[in-house]
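These are the residues of each chain, in order.
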Amino acid sequence: MVKNKYGFFDEGAKEFVITDPRTPRPWFNYMWNERYGGLISHTGGGFSFLDCPRDNRINRMRYNSLPWDRPGRYVIVKDKKSGNYWSLSWAPTIDRNYDKYECRHGLGYTKITTEINGIRGEITYFVPNDKTMEVWDVNLTNLTGDQRELEIYSFTELMMGNALNDIINQPNDKHFTDVYFDKEYQTIKATRRYWVLNKKVSVAQPNIDWKYNLYFTQTLPIDGFDCSLDNFIGKWRSEANPVSVETGEMSNTEITAGDPVAALKSTVKLNTGASESFSVLLGIADKDSDKPYDELDWNKYSEKSYSSEVLTSLKLKFSNNFDKVVVCTPDEKFNLMQNTWNKYQTMVTFDMARNAGFYHGGLLFGTGIRDRFQDILGVVTMEPERVRPRLLDALKFQFSDGSTLHNYFKLTGSGERTHHSDTPLWISFGIVEYINETGDLSILDEIVEFHDGGKATVMEHMKRSLDFAISATTERGMPKIMNGDWNDTLDHIGPLGKGETVWGAFFLAYALKKTFELLEQTGQTETLKRWKKAYKELEEVTNQHCWDGEWYLRAFRDNGESVGSSKHKQGKIFLNAQTWSVISGLATTERADSALKSCERYLDTPYGMQIVSPSYTEVEDNIGLISRCVPGKKENGAVFNHASSWFVLASIMNGDSDKAWEVYKKMLPVNSSENIDKYEVEPYVFAEYLTSPDHPTENQASHSWLTGSAVWMYRIGLDYILGLRTSINGMTIQPNIPSEWEEYALKREFRGKKLHLKVLNPNGGNSKIEEIKVNNKIVESNFIDFRESFEDEITVEVKLGK
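Residues numbered from 1 in each chain as written. Predicted model: local features only at pLDDT ≥ 70, side-chain atom pairs only at ≥ 80, totals over all residues. Heavy atoms only, no water.

Chemist: What is the right way to read the pairing of strand β41 (residues 769-774) from this model?
Modeler: Two faces make up the sheet, and in a regular strand the side chains alternate between them. The pairing of β41 with strand β44 (residues 793-800) spans 5 bridges and is antiparallel. For valine 774, the partnering residue across the bridge sits in β44 and is valine 796. Judged from the 2 bridges that link them, β41 and strand β42 (residues 777-778) form a sheet pairing that is antiparallel. When the sheet's bridge partners are listed, lysine 773 is paired in β42 with isoleucine 778. Between β41 and the antiparallel strand that follows it, β42, lie 2 residues; asparagine 775 among them carries a positive phi value of about 50°. (Pairing = 2+ DSSP bridges. Helix = DSSP H or I, 4+ residues; strand = E, 2+ residues; numbered from the N terminus.)

Chemist: Teacher, can you tell me more about the sheet that holds strand β1 (residues 3-4) here?
Modeler: Adjacent strands of a sheet form backbone hydrogen bonds with each other and so pair up, either parallel or antiparallel. Ordered by their spatial adjacency, 11 strands build an open sheet running β1-β2-β3-β10-β11-β12-β13-β20-β17-β16-β15, and the pairing between neighbours is antiparallel. Each end of this open sheet is capped by a strand with a single partner; those strands are β1 and β15 (177-182). Together, β11 (109-116), β12 (119-126), β13 (133-142) and β20 (275-286) form the strand contacts of helix α6 (residues 304-322), whose direction differs from that of β12 by roughly 50°. (Contact = heavy atoms within 4.5 Å. Axes fitted to C-alpha atoms, helices over the stretch in contact; angles between N-to-C directions.)

Chemist: I'm lost on helix α18 (residues 657-667) in this one. Help?
Modeler: Owing to its 3.6 residues per turn, the α-helix brings residues three or four apart onto one side. Counting buried positions along α18 gives 8 out of 11 residues, so the element sits mostly inside the fold. Those residues of α18 not exposed but buried are Ser657, Lys659, Ala660, Trp661, Val663, Tyr664, Lys666 and Met667. (Buried < 20%, exposed > 50% of the residue type's maximum accessible area, 1.4 Å probe, protein only.)

Chemist: Explain the sheet that holds strand β22 (residues 367-368) to me, please; I cannot follow it from the model alone.
Modeler: Taken in spatial order, the 3 strands of this open sheet run β22-β23-β24, and their pairing is antiparallel. In this open sheet, the two strands that pair with only one neighbour each are β22 and β24 (414-416). Inspection of the sheet shows strand β23 (residues 407-409) paired to β24 by 3 bridges, in the antiparallel sense. From the neighbouring strand, asparagine 407 faces β24, where its bridge partner is glutamate 416.

Chemist: How do you make sense of the packing of aromatic side chains when you look at a structure like this?
Modeler: The geometry of an aromatic ring pair is captured by two quantities: the separation of the ring centres and the angle between the planes. What the rule picks out here adds up to 57 aromatic pairs. Where tyrosine 185 meets tyrosine 293, the ring centres are 3.8 Å apart and the plane angle is 15°; that geometry is what we call stacked. Taken together, the residues tyrosine 185 in the loop between β15 and β16 (187-192) and tyrosine 293 in helix α5 (residues 292-295) connect sequence positions 108 residues apart. Exposure remark for tyrosine 185: the relative accessible area of 29% places this residue in the partly exposed category. Joined through ring pairs, the aromatic side chains of Tyr6, Phe9, Phe16, Trp27, Tyr30, Trp32, Phe318, Phe322, Trp341, Tyr344, Tyr684 and Trp705 make up one cluster. Just above the ring of phenylalanine 47 sits the side chain of arginine 57; from NZ or CZ to the centre is 3.7 Å. (Phe/Tyr/Trp six-rings, centres within 6.5 Å; stacked < 30°, edge-to-face > 60°. Lys NZ or Arg CZ within 6 Å of the ring centre and 35° of its normal.)

Chemist: I tried to follow the nonpolar core on my own but got confused; where do I start?
Modeler: If you look at soluble globular proteins, the nonpolar side chains tend to sit buried side by side. Counting 235 residues, the largest nonpolar core has Leu140, Trp712, Leu757 and Val796 as the members making the most contacts within it. The biggest single contributor to this core is helix α13 (residues 502-521), with 13 residues. Those residues in contact with tryptophan 712, other than ones at most four positions away along the chain, are Gln374, Leu377, Trp426, Phe429, Trp580, His642, Ser645, Trp646 and Leu649. Counting 12 residues, the second largest nonpolar core, distinct from the first, contains Ile76, Tyr153, Phe155 and Val245. (Core = buried A, V, L, I, M, F, W, Y, C linked by side-chain atoms within 4.5 Å.)

What follows is the structure, given as structure tokens:
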């Protein structure tokens, strides 16, 4: 069993189980469907939203609140005889002495169990597959020898609308709320008459109606309600001690202004050993809906079996998706991540981008073009049908010259044009990866509008993105860095338009090379010829001007000064320039070896590779925000997992599988979080970064869940370590495993076929294939052409040599 002092992995149930609620930070999970989503902490905290976490937030989460993680989704139980009361999710009544606490974060649901005062409480939070609502399933059991009469108070603080406006203009925003009790349906019904849907922070008043109604009920007879937060909580109180709970009196207040809450009271009587179950429902429907309660299946939840059926359907959806790729290797923690948690995190990032989290609060970034075209990498192996429309939608934020917005917001259809040099390049990356998985060339013929007018095929969109990047180069042919590249904090290198990005040159070359097979397959001979020429020119210019002696430079400033050179006091070597020189294929063999060895010498840590070293300790105005960040954190010298994953990939491509595995293994959160009180964040998903030895809080992690590290670590593990690399016509089998693995096996669904792979490694090799059999027949090639006729099941057996 893999565990730490706060909990453990239940591998059979695919759950992380928290047994001590006083974790170093709030530990979150997600519950969501295509439109309705939310994050749920191990104490019932978090927020929900419809379509967009900035523009259509449902309930409130206060940033930097003390105590942490407030408010939330709470059910407080009160013993009518003694007057004692407590929360079923531990918070907000954290000063109570609970006899038992357990939280199970599962796939799309969270279940919290507590025992206190002779009552076992179980509350399970989830979002149904196809309804714009969330469900809190509650079960109460009397563990005592006496009959118990319990008062039930379910409540959540409402927000309804623009979360950014709620922070900066909350006193004024309170004047547009209507919340009342629908007696017929025993439901609180809430809405607002004004919706701030500005494209940016502004004093403009858009005069838009919030076009939804919110509904809140529980499937018990309702004794009382409150819609006023002030009345329910009381003066100088908090969620931990609402005056209505203490007095047992609900004010039944309906409001047209003020801070709204949805709070309901019911009563339950439990005989000895008896249990009572009920559901708390929070849903959203359009104002113009004729039958909103029917749309939300409101009345069906009064049947106690119905909620269980909905939850079972949710679990089945995840199970079906996760069964499409299953691995079995000698490393238990690798299996745990590949089969469950890394895979699950890729599903979260696909839908949440960097836009809805505890650290990414959903107020600023929207969905990044860079993120959208990377975050498909996990889900495309499970639900490719969901990827296609996302790619087409994202292309609407590209301009006709090939450039793009850097990020966009779904509801406003707007975003920022920041002129990051790398952003357009991710378009071709995502399109090619989608086609490599599906073989669906028809997407190239889809017509998509440009953000500034006009429209073109997806193929033309892709061409313009790369042609724009080729054109945005200096006189000697290096890409201009403009307002930064993948490293957003290198934002003052080229404000005059002369600064150059060395990493960007490697990435442009990679993006070009990635299209070559597609261009050849689709007969785009002129484009192929032109882009191969551009690739060759990048090879020449980078090796002529960007080699520092032992490694590659990172950039050149407007004045021509280098960034990332051995002659510098700080910021001598940058990880990305070295790894992508190899990934792109531009580095010579000798230089690739030297660059990666330099990374090992200067950037290796117990948790992965530092992004740069030495960290910047003095501000350099002509490099950017990186030098203002504290040394050892974020882009200024942290172990940035996204960048560190590329070192693993580069090492494999350069023939060093054992070093790649060494770094990959220590990056796994189940390993890097071994000192959990230092690490602090969730040990079951990747964080954006870990603090490096350059800072006193070494090994502290931050910005968990929403990071590109998730998809890259998943696909590097699947494609390059386990060795199933997709391409337009099929799949190449090429393991790159640690020499200590004697064998492994996996199952992967691919284009409607089930591929079963077994690899034997009797002599402690890494990647040299001695023999390969396909359906029990020895074959010469390790490429499986899926254009050929195969049965539904394909068996591949590989024997490795030394």
